[in-house]
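Report on the structure
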2 protein chains.
Amino acid sequence: MTSTNWIDAIAWDDQGLAPAIAQDAETGEVLMMAWMNAEALTRTVEEGRAIYWSRSRGKLWRKGESSGHVQTLHDIRIDCDADVILLKVDQIGDIACHTGRRSCFYRRLEDRQWIEAEPVLKDPDAIYQDDKGNGS
Amino acid sequence: MTSTNWIDAIAWDDQGLAPAIAQDAETGEVLMMAWMNAEALTRTVEEGRAIYWSRSRGKLWRKGESSGHVQTLHDIRIDCDADVILLKVDQIGDIACHTGRRSCFYRRLEDRQWIEAEPVLKDPDAIYQDDKGNGS
């Protein structure tokens, strides 16, 4: 078995990407979903922290590079079709979302309206002092 | 506000789809990820159970239609970019995966190999007596 077999086992899509779900290793909360390519996944495993592929910026996204909100890797899984990745992480700073909330999934459907259901823990302007945007 | 605004708020991809993560409402376990289009999401909310869009079969996939392993809807969320859906569900039968396991994310990376880390709870042949395949 070559050292890259574990990467080749992933059923990358026609863009060379796979969805990657980040889940809090302790609480089980789903924090976010982003995308990975083979290089992002390789570096995630090598460095022990979540590194995604930013589709909007067309480059590797070292989660936490602007915000400090690094995701330290605890466990990594793939699903039965090998086309979705699940990361169990420690969320440094307790904030995954670029809006300053713990989870990106802060809007809940109530009476057919999306309601903001989670508090902003830190003002985004204070998070991204030098580097605005959602490259969190 | 029209009654479909909540659907139009979703940033569907160029195929008209969005990833939908199913999470056990009680335990927090991530059970699976599949895809939804506007009709799937509408029906999910109307019927109170997870209904996905099967990309391989090109039709709505009423989760549990073959297996009985219906996912009853507790809560539904969208992320900050409104392009990923999170369902919190009760997993009927405690089996989400067509392999007979609780979660589709049963393979864990250990020493750069994917190891099966979760038991088969029920033989798939016993689950899909009349309708084989992963349309679970």
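This is a predicted model, so every value here is computed, not measured.

Quick notes on the rules
Residues numbered from 1 in each chain as written. Chains lettered and ligands numbered in written order. Predicted model: local features only at pLDDT ≥ 70, side-chain atom pairs only at ≥ 80, totals over all residues. Heavy atoms only, no water. Helix = DSSP H or I, 4+ residues; strand = E, 2+ residues; numbered from the N terminus. Rg over C-alpha atoms; globule rule 2.2 N^0.38 Å. Buried < 20%, exposed > 50% of the residue type's maximum accessible area, 1.4 Å probe, protein only. Contact = heavy atoms within 4.5 Å. Areas by Shrake-Rupley, 256 points an atom, 1.4 Å probe, with all protein chains shown as cover. Lys, Arg positive; Asp, Glu negative; His and termini not counted. Charge placed at Lys NZ, Arg CZ, Asp CG, Glu CD. Pairing = 2+ DSSP bridges. Axes fitted to C-alpha atoms, helices over the stretch in contact; angles between N-to-C directions. UniProt positions renumbered as here; feature names shortened; annotations may be inferred.

As a further point, take the overall build of chain A. For chain A, the count of helices and strands is 3 helices and 8 strands. Tracing chain A from N to C terminus, the helices and strands come up as α-β-β-α-β-β-β-β-β-β-α. Taken over C-alpha atoms, the radius of gyration comes to 15 Å for chain A, in line with the 14 Å a tight globule of 136 residues would show. Seen through its principal axes, chain A has C-alpha atoms that stretch 50 × 40 × 30 Å. The 136 residues of chain A split such that 51% are buried. For chain A, contacts bridging at least 24 residues in sequence account for 44% of all contacts bridging at least 6. Carbon and sulfur atoms make up 42% of the accessible area of chain A, which amounts to about 6200 Å² in all. Looking at chain A, you have 16 positive and 24 negative side-chain charges, and the mean spots of the two groups are 4 Å apart.

Next up on the list: unusual backbone geometry. For residues besides glycine, phi is generally negative; the peptide bonds are generally trans as well. Residue and element names in this part refer to chain A. Non-glycine residue Ala 82 carries a positive phi angle of around 60°. By the element assignment, Ala 82 lies in the loop between strand S5 (71-78) and strand S6 (85-91). Owing to a relative accessible area of 7%, Ala 82 belongs among the buried residues under this scheme. The residue Asp 111 is not glycine, and still its phi comes out positive at about 50°. With respect to the helices and strands, the residue Asp 111 is situated in the loop between strand S7 (107-110) and strand S8 (113-116).

Ordered by their spatial adjacency, 6 strands build an open sheet running S2(A)-S1(A)-S6(A)-S5(A)-S7(B)-S8(B), and the pairing between neighbours is mixed. Only two strands of the sheet have a single partner each, and these edge strands are strand S2 (30-36) of chain A together with strand S8 (113-116) of chain B. Taking each pair of neighbouring strands and ignoring which way they run, the sheet shows an average axis angle of 35°. Both strand S1 (residues 18-24) of chain A and S6 of chain A contribute to a ladder of 5 bridges, which runs parallel. Each residue of the ladder has a partner; that of Asp 24 of chain A, found in S6 of chain A, is Val 89 of chain A. Docked against the sheet, helix H2 (residues 38-47) of chain A engages S2, S5 and S6 of chain A together with strand S7 (107-110) of chain B, running at close to 120° with respect to S5 of chain A.

The subject of this paragraph is the UniProt feature "binding site: Mg(2+)" (unreviewed entry) in chain A. What UniProt calls "binding site: Mg(2+)" (unreviewed entry) maps, in this numbering, to Asp 79, Asp 81 and Asp 83 of chain A. The residue Asp 79 of chain A is located in the loop between S5 and S6 in this model. Excluding residues within four positions of it along the chain, Asp 79 of chain A makes contact with Val 84 of chain A together with Cys 104, Phe 105 and Arg 107 of chain B. By secondary structure assignment, the location of Asp 83 of chain A is in the loop between S5 and S6. With sequence-adjacent residues up to four places away left out, Asp 83 of chain A is seen in contact with Ala 11, Ala 18 and Pro 19 of chain A together with Arg 55 of chain B.

Let us now look at the pairing of S8 of chain B. Pairing between S7 of chain B and S8 of chain B: 4 bridges, direction antiparallel. Bridged to Arg 108 of chain B within S8 of chain B is Ile 115 of chain B.

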